[in-house]
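# Examination of the molecular architecture
Next come the chains, spelled out residue by residue.
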Amino acid sequence: SEKSNKYGSYQNFGSLKVSTGHSSKSNYIRTLDLTTATGTVSYTTNGVEYTRQYIASNPAQVIAVRYAASQGGKLNLTFTLVPGVSGSMTYSNGEGYFSGKLDVVSYNSRFKVVNTGGSLSSKSNGITVSGADEVVIYLAGVTDFDNTKSTYVSGATAEDLANTVSRRLDEA
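In this report, we go over the structure that sits alongside the text. (Residues numbered from 1 in each chain as written. Predicted model: local features only at pLDDT ≥ 70, side-chain atom pairs only at ≥ 80, totals over all residues. Heavy atoms only, no water.)

## So, the sheet that holds strand β7 (residues 90–92)
With respect to topology, eight strands assemble into an open sheet ordered β2-β3-β4-β5-β12-β9-β8-β7, the strand pairing being antiparallel. Each having just a single partner strand, β2 (26–33) and β7 make up the two edges of the open sheet. Geometrically, the sheet is characterised by an average inter-axis angle of 15° between neighbouring strands, direction not taken into account. With eight bridges connecting them, strand β4 (residues 48–57) and strand β5 (residues 62–69) associate as antiparallel partners. Directly across from Q53, in β5, lies its bridge partner R66. (Pairing = 2+ DSSP bridges. Helix = DSSP H or I, 4+ residues; strand = E, 2+ residues; numbered from the N terminus. Axes fitted to C-alpha atoms, helices over the stretch in contact; angles between N-to-C directions.)

Printed below as a string of structure tokens:
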């Protein structure tokens, strides 16, 4: 018989999906700079060079992604966050979030879109930025898992988890 594991098992926390609308790309380059801990992707479409830079900050407990283009007003992006387990997304005021509970462990994730130039709109299916010069995404997630406790959970409430994620984004 199969053993039950009431504490769950490894689950994908979620995925941040980004739609650029670019069907063809040239001069595609990916780099990882170990001295700055920055991942970069750059490519050209219709004579415009687009760049994405990624960094994960352990002290801030956030991931930041910066989008830029060689010409102003060329960034048109749609962001959706997909939970790794069942759950629904909520998008409002340039932020998206989900939360829930596995058998024992509770979780919360949130991302914030900050655009320079252009416009931003939040709809039920994601967040869209149109005509921006630059866009920065801040992403944070948290669980109440605590391997120092006999129950493996910290005792944090769903509200505690939501407040922790919101604080991390506000401070980023």
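Still to come is the rest of the account.
## Topic: the pairing of strand β8 (residues 95–101)
Relative to β8, β7 runs antiparallel, the two being bridged by three bridges. When the bridges of β8 are listed, S92 appears paired with E95. Counting the residues between successive antiparallel strands, the hairpin from β7 to β8 contains two residues, one of them, N93, with a positive phi of roughly 50°. Here β8 runs beside strand β9 (residues 106–116); their pairing, made up of seven bridges, is antiparallel. Bridged to S99 within β9 is N108.

By themselves, these figures tell us nothing about what the structure is for.
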